[in-house]
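What the coordinates show
Chain residues, written in single-letter form:
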Amino acid sequence: MTLMIENLFDFEESSVEGKISAPTCCKYDRAGLWYETYSRRRHRQQTLSASSSDTDGEDTENSDADFDEDDEAFLRTLDPKEWRHQDHYVVLGLSKLRYQATVSQIRNAYKRKVLLHHPDKRKASGKTVEEGDDYFTNITKAYEMLNNPASRRSYDSVDPEFDDAIPNDKVSSDKFISTFAPVFQRNARWSKKKRVPQLGTLESTRDEVDDFYSFWYSLESWREYSYLDEEDKDKGSDRFERRMIEQDNKKERKERKKEEISRLRQLVDNAYACDPRIQRFKQEDKDKKAAAKKAKQDAARAKKEEEERKIKEAELAAKQQREEQERIEKEKAAAAKKEKEAIKNVQKKERKYFRTKVKEFDYFTADPAVKIQNMDEVEKLIEALSIDRYLSYILIYQFPYHIIVALIF
């Protein structure tokens, strides 16, 4: 839709300045000033501009559909002496709203009842008012009870229409939401905190489910049971009797409050026990833990295998090095042995050659006695000298054997 700026100042032309955005739907909570204004505007079928100038007050905020049809026959059955046992919302015609009724709706309901059932109004309308026909007292008591915030809270705490029943912990997974959601929604009215998390769906996240159960496990309930006091302390003859009555009443209230806390805790426990989401989260945690454990075991096994591989490689390298060392040593030993054998052969040969040369010179004497002595000395010399020594004489000094022998002797 195009917004046209009209010719308000005698301009000859109009211009297009913009477009109005598409209309959106807004969801209102049934509470607060703005909702009351919205309800009043809808009831009167007024526009926003027309309702903004409305100053009629609260008399027109309530719809006739919110109130029950008047039932005089029912009201006549009420006993003024048993007013504490009556349903005050039903007496005022607010059974549809009950604890959701606003202060304005309670006052308007009482005004309606006054106009219809006050003895003076009945007489003015030509009805016969018999002596003892005082059921209007029940209407007055109901209004006094519901118009006072403290007394209304005490009555709402024991609302006869409220269902205290809770499901057991054997609810199947497919019926879990449909079974428990209405129960939690019904019991949310007792919470001191107004923003109460709902049960959610089977697709709710872990954080949403954790927040829900954390809230309900620590729920602070405003529900109290003073309305069920067996005795009224104001009826005590003196302060001591009133004190005793109050102590008994407090004791009973404490017991009922304890039972209520236990009931709510049992509700949460039952829901938690059969919540398929919790079971799914536990299985996920179990699988995650098992996977982490398996990964840890795999890592430990891989580490162990790596250590074993390194040890085997080190052992293999050490074995190869040892074998290589042994081979080198064996080769050295073989070479040394071969060299020793060669030296031994050379020494044997040189000794033989030495003896032969000495013999050629007839042991350097003609005297047989000296010759025998020289022969002994030659053998001693041969045994005493190593091959290196007489090789050095031969190789270094290039002395002939007879000179070597002469030098030695």
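Residues numbered from 1 in each chain as written. Predicted model: local features only at pLDDT ≥ 70, side-chain atom pairs only at ≥ 80, totals over all residues. Heavy atoms only, no water.

**Examining the overall build of the protein chain**
Filter applied, for reference: We count a stretch as a helix when DSSP gives it H or I for four or more residues in a row; a strand needs E for two or more, and each element gets its number in order from the N terminus. Any two residues whose heavy atoms approach within 4.5 Å are treated as being in contact. A 1.4 Å probe and the Shrake-Rupley method give the accessible areas. Residues count as covered only by the protein chains that appear here.
The helix and strand inventory of the protein chain stands at 15 helices and two strands. Considering only residue pairs separated by 6 or more positions, the protein chain has 66% of its internal contacts joining residues 24 or more positions apart. Summed over its atoms, the accessible surface of the protein chain is roughly 29,400 Å², and 52% of this surface lies on carbon and sulfur atoms.

**Observations regarding the packing of helix α5 (residues 103-117) against helix α7 (residues 136-147)**
Heads up, the rule is: Here an axis means a line fitted to C-alpha atoms, over the contact stretch when the element is a helix, while the angle between two N-to-C directions is reported on a 0 to 180 degree scale. By definition in this entry, angles of less than 35 degrees are roughly parallel, angles greater than 145 are roughly antiparallel, angles of 65 to 115 are roughly perpendicular, and the rest are oblique. Asp, Glu, Lys and Arg are counted as charged, while Ala, Val, Leu, Ile, Met, Phe, Trp, Tyr, Cys and Pro are counted as nonpolar; the rest, among them Gly, fall into the polar class.
α7 packs onto α5 with a crossing angle of 170° between their chain directions and a minimal axis gap of 10 Å. It follows from the interaxial angle that α5 and α7 lie roughly antiparallel. Residues V103, I106, R107, Y110, K113, V114 and H117 of α5 pack against F136, I139, T140, Y143, L146 and N147 of α7. Partitioned by chemical class, the residues of the contact of α5 with α7 number eight nonpolar, three polar and two charged.

**Regarding unusual backbone geometry**
For the record, the criterion: Summary of the burial criterion: residues with accessible area below 20% of their type's maximum are buried, those above 50% are exposed, and those between are partly exposed, where the area comes from a 1.4 Å probe applied to protein chains only.
Positive phi is not limited to glycine here, since R98 has a value of about 50°. Of note, R98 is situated in the loop between α4 (88-92) and α5. Overall, the relative accessible area of 9% leaves R98 in the buried class.

**A closer look at helix α12 (residues 276-360)**
Just so we agree on the cut-off: Each helix should span, by expectation, one fewer than its residue count multiplied by 1.5 Å.
With 85 residues, α12 extends 122 Å between its outermost C-alpha atoms, agreeing within 8% with the 126 Å of an ideal straight helix rising 1.5 Å per residue. Along α12, the residues classified as buried are P276, R277, I278, F281, Q347, E350, R351, F354 and V358. A positive backbone phi angle near 55° is found at D362, which sits one or two residues after α12.

**Quick look at the nonpolar core**
Under the convention used in this document: Buried Ala, Val, Leu, Ile, Met, Phe, Trp, Tyr and Cys residues form a nonpolar core when they are joined through side-chain atoms within 4.5 Å.
Membership of the largest hydrophobic core comes to 25 residues, with the highest contact counts inside it found for L92, L94, I106, Y110 and I139. When contributions to this core are tallied by element, the ones reaching two or more residues are α4, α5 and α7. A per-element tally of this core places α7 first, with six residues. When sequence neighbours within four positions are dropped, the list of residues in contact with L94 reads F67, D68, Y89, A101, Q105, I106 and A109. Within the second largest apolar cluster, 21 residues are counted, among which are F184, L199, V209 and F215.

**Quick look at the pattern of salt bridges**
Applicable threshold: Salt bridge, as used here: a side-chain nitrogen of Lys or Arg that lies within 4 Å of a carboxyl oxygen of Asp or Glu.
Evaluated as defined, the whole model comprises 24 salt bridges. Residue D275 is joined to R277 by a salt bridge in which the shortest nitrogen-to-oxygen separation is 2.9 Å. The class for R277 is buried, based on a relative accessible area of 1%. Within this structure, D87, R98, D159 and R189 form a network of salt bridges that share partners.

**Describing a negative patch on the surface**
Operational definition: Here a patch means residues that are over 30% exposed by relative accessible area and free of salt bridges, tied together within 9 Å if like-charged and within 5 Å if nonpolar (Val, Leu, Ile, Met, Phe, Trp, Tyr). The convention is simple: Lys and Arg are positive, Asp and Glu are negative, and His and the chain ends are not counted. By convention, the point assigned to a charge is CZ for Arg, NZ for Lys, CD for Glu and CG for Asp.
On the surface, a cluster of negative charge is made up of E230, D248, E252, E255 and E259. Along the chain, D248 turns up in helix α11 (residues 239-274). Classification of D248 as partly exposed rests on a relative accessible area of 44%.

**Examining the side chain of E260**
Along the polypeptide, E260 turns up in helix α11. Discounting residues that sit within four places of it in the chain, E260 has contacts with W190, R223 and Y225.

**What to know about a positive patch on the surface**
Where like charges cluster on the molecular surface, the positive patch consists of K340, K344, K348 and K352. With respect to the helices, strands and loops of the structure, K344 is situated in helix α12. We classify K344 as exposed; its relative accessible area is 55%.

**Looking at the packing of aromatic side chains**
The cut-off we apply is this: Each Phe, Tyr or Trp ring (for Trp, its six-membered ring) is paired with any other whose centre lies within 6.5 Å, and the angle between the two planes then decides the class: stacked below 30 degrees, edge-to-face above 60, tilted in between. Think of it as a cone above the ring: NZ of Lys or CZ of Arg counts as a charge over the ring if it is within 6 Å of the ring centre and within 35 degrees of the ring normal.
According to the stated counting rule, one finds 14 aromatic pairs in the structure shown. Here the aromatic rings of Y110 and Y143 are separated by 4.0 Å at their centres, their planes lie at 10°, and the arrangement is stacked. Here Y110, found in helix α5, pairs with Y143, found in helix α7; they are 33 residues apart in sequence, far enough to count as distant. Comparing Y110 with Y143, the two get one shared label, buried. Ring-pair connections join several aromatic residues into one group, and the members of that group are F176, F180, F184, F212, Y213, F215, W216, Y217 and Y272. Over the aromatic face of W83 sits the side chain of K141, whose NZ or CZ is 5.0 Å from the ring centroid. Across from the ring centre of Y99, 3.8 Å away, lies the NZ or CZ of R189, which sits over that ring.

**Regarding α5**
Between its first and last C-alpha, α5 extends 21 Å over 15 residues, near the 21 Å set by a 1.5 Å rise per residue. Turning to α5, its buried residues are S104, Q105, I106, N108, A109, Y110, K113, V114 and H117. Those residues of α5 hidden inside the fold are in contact with α3 (72-76), α4, α6 (119-124), α7 and α8 (149-156).

**With respect to the environment of P276**
As for its position among the elements, P276 is in helix α12. Judged by its relative accessible area of 14%, P276 is buried. Each C-alpha atom, one on P276 and one on I177, is 9.6 Å from the other, the two residues being 99 residues apart in sequence. If near-sequence neighbours (up to four positions away) are discounted, P276 is found in contact with S173, F176 and L202.

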